[in-house]
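Descriptive analysis of the structure
This is what each chain is made of:
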Amino acid sequence: MPPLIDEDKCTRCGTCVDVCAEDVYFGSEPGETPVVTYPEFCFHCNCCVEECPAEAIRLRIPLPQMLLYK
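Residues numbered from 1 in each chain as written. Predicted model: local features only at pLDDT ≥ 70, side-chain atom pairs only at ≥ 80, totals over all residues. Heavy atoms only, no water.

**Quick notes on the overall build of the chain**
Of the regular secondary structure elements, the chain holds three helices and two strands. What you see for the chain is a C-alpha radius of gyration of 12 Å, in line with the 11 Å of a compact globule of 70 residues. Across its three principal axes, the chain shows a C-alpha extent of roughly 35 × 20 × 15 Å. For the chain, the residues scored as buried account for 29% of the 70 residues in total. Summed over all atoms, the accessible surface of the chain reaches about 4,900 Å², with 54% contributed by carbon and sulfur. (Helix = DSSP H or I, 4+ residues; strand = E, 2+ residues; numbered from the N terminus. Rg over C-alpha atoms; globule rule 2.2 N^0.38 Å. Buried < 20%, exposed > 50% of the residue type's maximum accessible area, 1.4 Å probe, protein only. Areas by Shrake-Rupley, 256 points an atom, 1.4 Å probe, with all protein chains shown as cover.)

Now the structure itself:
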């Protein structure tokens, strides 16, 4: 399940685009709200959530992974 970006909180800094190891946000334009282009590549590493200065991103962890995530 892809990350969710709260557009009201997002400052459009691009930090999430820079830290994503899997290019989930590929093609996002600088200065605009990042777009989750490849949601299937997200492996829920939590980097974008941790690095977001505005706390505008949250992850939806799939149920089978919740046992491992907690």
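Structure shown, so let's carry the discussion forward.
**Things to note about the side chain of S28**
Note on placement: S28 falls in the loop between α1 (15-19) and α2 (47-51). For S28, a relative accessible area of 16% corresponds to the buried category. For S28, the side chain forms a polar contact with the main-chain oxygen of Y25, separated by 2.8 Å. Residues in contact with S28, not counting those within four places in the same chain, are V17, P34 and V35. (Polar contact = N/O pair within 3.5 Å; in protein donor to acceptor, adjacent residues only side chain to side chain. Contact = heavy atoms within 4.5 Å.)

Worth remembering: the numbers are spatial, not functional.
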